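What the coordinates show
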Amino acid sequence: MDHYRSPWMNDELRLLQEAVRQFYAEEFVPHYERWIEQGMVDREAWNKAGEMGILCASIPEEYGGAGGTFAHEAVIARELSRAGITGFSNGVHSGILAHYILVYGTEEQRRKWLPKMATGEMVGAIAMTEPGAGTDLGGISMTARLENGNYRLNGSKTFITNGHHADLICVVAKTDPALGHKGISLIMVETGNLDGFSRGLPLKKLGMKAADTTELFFDDVLVPASNLLGDKKGEGFAQLLQQLPRERMYIAVTAVAVMERALELTVEYVKERKAFGKHLIDFQNTRFKLAECKTEAKIARIFVDHCIERVLDGTLDTATAAMAKWWTTQKQCEIVDECMQHFGGYGFMLEYPIAHMYADSRVQKIYGGSNEIMKELIARSL
Amino acid sequence: MDHYRSPWMNDELRLLQEAVRQFYAEEFVPHYERWIEQGMVDREAWNKAGEMGILCASIPEEYGGAGGTFAHEAVIARELSRAGITGFSNGVHSGILAHYILVYGTEEQRRKWLPKMATGEMVGAIAMTEPGAGTDLGGISMTARLENGNYRLNGSKTFITNGHHADLICVVAKTDPALGHKGISLIMVETGNLDGFSRGLPLKKLGMKAADTTELFFDDVLVPASNLLGDKKGEGFAQLLQQLPRERMYIAVTAVAVMERALELTVEYVKERKAFGKHLIDFQNTRFKLAECKTEAKIARIFVDHCIERVLDGTLDTATAAMAKWWTTQKQCEIVDECMQHFGGYGFMLEYPIAHMYADSRVQKIYGGSNEIMKELIARSL
Amino acid sequence: MLDTELGGQIRSAVRDLCGTFPDTYWREVDESRGYPEKFVQALTDAGWLAALIPEEYGGSGLGIAEASIILEEVNRSGGNSGACHAQMYIMGTLLRHGSEKQKREYLPRIASGELRLQSFGVTEPTTGTDTTKLKTTAVRKGDHYVVNGQKVWISRVQHSDLLLLLARTTPLNEVKKKSDGLSVFLVDLREASESELTVRPIRNMMNHETNELFFDNLKVPAENLIGEEGRGFRYILDGMNAERILIAAECVGDGYWFVDRASSYAKERVVFDRPIGQNQGIQFPIARAYVNIEAANLMRFRAAELFDTGKPCGAEANMAKLLAADASWEAANVAVQTYGGFGFAAEFDIERKFRETKLYQVAPISTNLILSFIGEHVLGMPRSF
Amino acid sequence: MLDTELGGQIRSAVRDLCGTFPDTYWREVDESRGYPEKFVQALTDAGWLAALIPEEYGGSGLGIAEASIILEEVNRSGGNSGACHAQMYIMGTLLRHGSEKQKREYLPRIASGELRLQSFGVTEPTTGTDTTKLKTTAVRKGDHYVVNGQKVWISRVQHSDLLLLLARTTPLNEVKKKSDGLSVFLVDLREASESELTVRPIRNMMNHETNELFFDNLKVPAENLIGEEGRGFRYILDGMNAERILIAAECVGDGYWFVDRASSYAKERVVFDRPIGQNQGIQFPIARAYVNIEAANLMRFRAAELFDTGKPCGAEANMAKLLAADASWEAANVAVQTYGGFGFAAEFDIERKFRETKLYQVAPISTNLILSFIGEHVLGMPRSF
């Protein structure tokens, strides 16, 4: 957007940005249409990303990561959206799961899993939602009972991002069903040759067609007791909550990148396309609507940059993160919708990226904590 | 708003903020209701403000100003809104007119007028709009003809802020009517004992009741040729344009302060008031709506702070200033409207400040360049 | 109903009458915070305020659709029905539930204008929209009731002769349903002494006379009880749909007025050598506001048709009020924006109507309560508060 | 019109028929990007698609109000009228302007389902909404016209036997008015050879078959010209109001479907120990969406009533389409938000209908062109483009 540069960018990040941009263009974009058709990214995309160094970018080098910060993650996520790609869910893998392991895991667990996640040898997923329990974690029915040094897992999960490819799954389960929220733990499951574990077919969904999203089934699955994340049962709920503000910023970063791209594509289109003998951009309605979009995209960018700086200095609070999540995703949907309108019928054609952006955007208002939940979190600070 | 502090604030500005807050509370607030009734602030409010040092805060000390920056002006303007006062139009006086004189005036002009403006001995106004010409300056019919070392002014102006009290008026007039925009000049008029000059009664208007807004009539008014602002005829249009981005920030700063105050008053009210046996704040609709308001107020604040930093480092561009002006005033009206709704019938009662805020806010979307014009300016950058 | 011959005749007659009260008249009334005495008199003399009173009681026995056309035209002319609309819907309680004696005594004099029934005393400061919780009591003492309590937002008390009052006659803890035990009285304001009834005006943003009332042992003759004691809540509910339909019509009238003014101004006002209406940024918002008024207008006539044929119309009356209030408010904003600075100057009347129409987003029922009503009673979702 | 007996009977019969095509049917058609062959056949067999064809030509001679109820019910049942609605409004051009011979030849077979007239060839890639500039030409050569040019967004060509084509028969520079010189032809798609007519499907976001057409010396018998040569633009204008009313009805049907699903789900889905519909953040948006659908619905019936009584209905038809498309889109968004993650999963059908209803904010006329129409032709403001 014009001459504005994010205040947290520096030379190192600029080099990373260039490199990542080139990597996506060469390694992802040519396969993207095929990924959409097959309903998921290629498994080897993860290995390539690992080689490129964009997995676990903010994990310390001693655990195989790139030793960067959230700013590195933001650059990597932003460029993915700018390349027009959805469905390569590195946010869950590097941004969330790897950080769970880093923060809550034992030293042994860190050394065991993080290096493999950094190379892409293991793809990570988090299995939280169940058919009957989304927002309300107290309602989950997945159980993990401790028996002879093993946890026995029973239950099913749905809408699991990276579900098909996942080699390492962090399962939210009740280790003490009687205790409600305090009986929830995070159990790490390695899926290789695992008896009783199966995955559903990729779910058919509105957008994000290249995202590998499946159901997972656990039928008397046994994992060693040492796979409990951290060293204490019943901490799962607190562990999930603690990282949320930071996690929500991934969504906000993506939202802003999508707005900017939508606007860019639309401005290009309305400058070319003619109606009634004029370029579309010469109609005042077009000018005003796009000026409004540009304003809100820029404001969103500046606000999210502010929040990123708060992540970096450790002062991002729950309410502000919630503001960033709901507002940027709301504006993403509004701006993409408005932009699409300027394409007329062409906006519906899948050969135009705006059609994909439209279908892909809507879920942003739902996942990562629905925007209604965000408003409730903000209301608590009133 | 929570723990957020504007990044451009420093200890000196914090002291200023405290002092100004106290000054308004003691010297303005007790008279405010009366000012509303009489349709204008007291003339001596200007002198008191001069004594306090809040006039010409960003004018160098050598011309009697306080030697501050736009940040000082912003603090002074913000506190006025926080005190709930509209109508003391220091923005026009110190923020705009004094800067015209500083930037375009000759050294003699600066020394002649700025010190008096700084003390409040002279109140300043800018006479631009005419009954037949607002946005389109090319359409003004006020003339200033050079005759024997004098300019002879003929015409009338309307909606002139500070019109009744003004001692020094910067009149936008055509010195060469044949030249269109290039024939426009700024002529400084000292109103004391001036033949042919008269003012209308205070205009009745929707809000801003304490603002002294009048029509001005010039009937063969003669002023010395040396009252041409600067030393060259026909520069008026360029002079007016050049300062606009900075001027628009006054409106944006006020908009944010009003949003924050509206939200504060409303949160207080909904925490007290009950309906159906619950406090209003316990209704989810109340919580969500106010969470939305709080989000947008905070985002506006962060964006405006970004723009203020750009004013301070001299990089604020036209499009970004236009974004700040239209978006913050739009949000000001939306938020005040939404807040008022939560007061139910009480929101209409003039003893509740929210009723005044509602009536006062609407004009923000119109003056300083209507929001439609702002969108056009942004569209040019698409 | 939208274009019946009768409706057209009424519209045109009321429009003619309103035409004799130009903008300046309303501006002056507003400025002096006065009551449009002359206008209300003219409207009464022409019989329009008695539209809903049956012919046998001296009225013209029209339906709510026709009555709503009258008020729409008042607002569409630049005036404000707020000064007199209540007579139309308050009277219904008396008409439907009053005794023959009460009707013979009051209705013809209301129809002729001799008596004004403009005030409706329901809301209290602490009960807000939860009417069944109201605390004003009326206790029977011989041939009188003695009223104690407080009311708020009671409009037009200073320009009305009669007040329809809702008060509790059986304490809340002695009734089976909380809506039981409330009764309706016709209070003669002319007879109430100052010590028994104190009227305190509330200053507000528009020229809408509204007051707080304080009852201190006010004596009301028992014969002024309407219908049966304890059934008052039901009696006034009937009138609420009428009120919503009429207010929707006023909003529609306001909406058309704003659109007329805005589009005319947009055609005439030339900036940068062309009429500003040629700008899509001006034209499209006016057009969109118009579309929403048209839709609200259809809902208002739909509700009126159901009302006039005795069918349930709660949903439609509420939706009409919601749609119309939102639409007139949108139109008001569009008009201000089209007029620019002139929109704020009293002499263009936009600012006055802008203040006046805003009231209907809150009164007599807020948007949120309408949404609750639709959510619960039409769509069957659970009660949310 | 809203609640006539005939309308009610049609509604209930169509609803019964649609009930035999459950969600899974439509989901499979969508998934395979197929044509709802079986459904269209059933609708045709029951005579519903011939609703507007006069009885003398084998149809049922109903009005547009009844026809719109049919399509509304299709969409309200979770289906999509997009596969077959065009037959209803295209046929009008043939009916009103065709020769008796043409009518006798085609209408009865269209009514019986033997022939499908589902495609309408107007839009071109470079002319967009400015129809009079179209470049496809038809040149008379003996007893044939020879057609050359290109069309875009031509729906259902692969499932239609006949195409109504608009082409220029007199060059633009030889006509007085730019809307002169266009003519309408009935093209028999079964007879067109591949070398003369190329059909290229366009992949899109919903399962809506739409195509580009390339005409390369396509021969059309002169007897297939409808009405007089050069007057075609006027002939198709007539049908546009019908199209808008029918599409408004489909949007209304979609809107009710979304609100039904959302409110049912909100009643059943329990989170934090209570149905989510108890949350105002869920309930109020559903209620608001419902109110807007109700308003749009009234405008749709208003437009239909004017259409059916032969009165001008351009403003109302356009407003109905605008209001209904906006309302169904609002309802779609509300439904997705209510369903949360499940709103995106194909098995709940919300995502399919969400994609389908979105189309109507753009097609067959965009919101902005409707606002221009209202601004210029209803409110008298200057042309803005």
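Residues numbered from 1 in each chain as written. Chains lettered and ligands numbered in written order. Predicted model: local features only at pLDDT ≥ 70, side-chain atom pairs only at ≥ 80, totals over all residues. Heavy atoms only, no water.

Some thoughts on the relation of the copies chain B and chain A
The two chain copies are related to each other by a rotation about an axis together with a translation along it. As a reminder of what qualifies: Least-squares superposition of the copies uses the C-alpha atoms of those residues scoring a pLDDT of at least 70 in each of them. Note on definitions: a residue-residue contact is assigned when non-hydrogen atoms from the two residues lie within 4.5 Å.
Once chain B has been moved 0.0 Å along the axis and rotated by 180 degrees, it coincides with chain A to within an RMSD of 0.0 Å. Taken together, these values place the two copies in the relation of a two-fold axis. Taking C-alpha positions as the reference, the residue of chain B nearest the rotation axis is Phe303(B), at 3.4 Å. Of all interface residues in chain B, 100% are interface residues in chain A too; the two copies therefore contact each other through one and the same surface.

Section: the packing of aromatic side chains
The test is simple: Aromatic rings from Phe, Tyr and Trp, with only the six-membered ring used for Trp, were paired whenever their centres fell within 6.5 Å, and each pair was classed as stacked if the ring planes differed by under 30 degrees, edge-to-face if by over 60, and tilted otherwise. Secondary structure elements follow DSSP: runs of H or I of four or more residues count as helices, runs of E of two or more count as strands, with numbering from the N terminus. Only protein chains enter the accessibility calculation, which uses a 1.4 Å probe. A residue is then buried if its area is under 20% of the maximum for its type, exposed if over 50%, and partly exposed in between. Ring-over charges, as used throughout, are those where CZ of Arg or NZ of Lys falls within 6 Å of the ring centre and within 35 degrees of the ring normal.
Counted according to the given criterion, the structure contains 59 aromatic pairs over all chains. On the basis of an interplanar angle of 65 degrees and a centroid distance of 4.7 Å, the ring pair of Tyr346(A) and Trp153(D) is categorised as edge-to-face. Here Tyr346(A) is found in the loop between α9 (318–342) and α10 (353–361), whereas its partner Trp153(D) is found in strand β3 (residues 144–155) on a different chain. Take Tyr346(A): its relative accessible area is 14%, and that puts it in the buried class. Taken together, a centroid distance of 4.3 Å and an interplanar angle of 35 degrees make the contact between Trp46(B) and Phe88(B) tilted. On the criterion of sequence distance, the pair formed by Trp46(B) in helix α2 (residues 43–52) and Phe88(B) in the loop between α3 (70–82) and α4 (90–104) is long-range, its members being 42 residues apart. Note on Trp46(B): relative accessible area 1%, which makes it buried. You can call Phe88(B) buried: its relative accessible area is 4%. Ring pairs connect the aromatic residues Phe23(A), Tyr24(A), Phe28(A), Trp35(A), Trp46(A) and Phe88(A), which therefore count as one cluster. Above the face of the Trp326(A) ring, Lys375(A) is positioned so that its terminal group lies 4.5 Å from the ring centre. Sitting over the ring of Trp329(C), Lys358(C) keeps its end group 4.3 Å from the ring centre.

A short note on the pattern of salt bridges
Between side chains of opposite charge, a pair can form when the charged atoms approach closely. Residues and elements named next belong to chain A. Stated precisely, the cut-off is as follows: What counts as a salt bridge is simple: a side-chain nitrogen of Lys or Arg found within 4 Å of a carboxyl oxygen of Asp or Glu.
The full count for this structure, using the stated rule, is 102 salt bridges over all chains. The closest approach of N and O atoms between Asp220 and Arg152, which form a salt bridge, is 3.4 Å. Remark: Arg152 occurs in strand β3 (residues 150–161) and Asp220 occurs in strand β7 (residues 213–224); sequence separation between them is 68 residues. For Asp305, the salt bridge is made with Arg301, and the minimal N-O distance between the two is 3.5 Å. Placement of the pair is Asp305 and Arg301 together in helix α8 (residues 284–312), with a separation of four residues, close to one helical turn. A residue is classified by how much of its surface remains accessible, and Arg301, at 7% relative accessible area, is buried. Members of the salt-bridge network, linked through shared partners, are Glu18, Arg21, Glu79, Arg82, Glu260, Arg301 and Asp305.

Examining the interface of chain C and chain D
Just so we agree on the cut-off: Accessible area that two parts lose when put together, with a 1.4 Å probe and added across both, is what the buried area reports.
Listed per partner, the contact involves 41 residues of chain C and 41 residues of chain D. Both sides of the chain C and chain D interface together cover about 3600 Å² of buried area, and 72% of this is carbon and sulfur. On the chain C side of the contact with chain D, Gln283(C), Leu379(C) and Met381(C) bury the most area, a combined 16% of that side's loss. Scanning the region where chain C abuts chain D turns up two salt bridges. For the side of chain C that touches chain D, the secondary-structure elements that each account for two or more residues are α7 (232–268), α8 (280–308), α9 (314–339) and α11 (367–378) of chain C. Tallying contributions element by element places α8(C) first for the side of chain C that touches chain D, with 14 residues.

Structural notes on the interface of chain B and chain A
For clarity, the threshold we go by: Definition of a polar contact: a pair of N or O atoms within 3.5 Å, with one able to donate and the other able to accept a hydrogen when the atoms are protein atoms, and with sequence-neighbouring residues admitted only if both atoms are side-chain atoms. Only Asp, Glu, Lys and Arg are considered charged in this grouping, and only Ala, Val, Leu, Ile, Met, Phe, Trp, Tyr, Cys and Pro are considered nonpolar; every other residue, Gly among them, is considered polar.
Counting residues at the interface gives 30 residues for chain B and 30 residues for chain A. Note on chain B versus chain A: buried area summed over both sides is about 3100 Å², and carbon and sulfur give 70% of it. In terms of surface lost to chain A, no three residues of chain B exceed Arg287(B), Ile299(B) and Leu382(B), which account for 21% of the buried area on that side. Along the contact surface separating chain B from chain A lie four salt bridges. One salt bridge connects Arg287(A) with Glu376(B), and the closest N-O pair in it is separated by 2.7 Å. Where chain B packs against chain A, one counts 14 residue pairs in polar contact (both at pLDDT 80 or more). Per element, the largest residue contribution to the side of chain B that touches chain A is 13 residues, and it comes from helix α8 (residues 284–312) of chain B. Broken down by class, the residue content of the side of chain B that touches chain A amounts to 15 nonpolar, four polar and 11 charged.

Some details on the pairing of β3(D)
Residue and element names in this part refer to chain D. For clarity, the cut-off: Any two strands are treated as partners once DSSP identifies two or more bridges connecting them.
Pairing geometry for strand β2 (residues 137–141) and β3, over five bridges, is antiparallel. Its bridge partner lying in β3, Ala138 is registered against Val147. Hairpin geometry of β2 and β3 is characterised by an intervening segment of two residues between the two adjacent antiparallel strands and by a positive phi of about 65 degrees at Gly142.

With respect to the domain arrangement of chain A
Residues and elements named next belong to chain A. Heads up, the condition is: An automatic or database domain assignment is the source of the domain bounds shown.
Structurally, chain A comprises domain 1 (11–122), domain 2 (125–234) and domain 3 (238–379). Between the C-alpha centres of domain 1 and domain 2 there is a distance of 22 Å. Between domain 1 and domain 2, the residue contacts involve 27 residues of the former and 24 residues of the latter. At the boundary of domain 1 with domain 2, total buried surface from both sides reaches about 2100 Å², with 68% on carbon and sulfur atoms. Viewed at the interface, domain 2 and domain 1 are joined by two salt bridges. Measuring nitrogen to oxygen at the nearest pair gives 3.4 Å for the salt bridge that ties Lys112 to Glu190. Taken together, domain 1 and domain 2 are joined by 10 residue pairs in polar contact (both at pLDDT 80 or more). Of all the secondary-structure elements, those providing two or more residues to the side of domain 1 that touches domain 2 are α1 (11–38), α2 (43–52), α4 (90–104) and α5 (107–119). Counting residues per element, the side of domain 1 that touches domain 2 draws most heavily on α4, which supplies seven residues. A per-class count over the side of domain 1 that touches domain 2 returns 15 nonpolar, eight polar and four charged.

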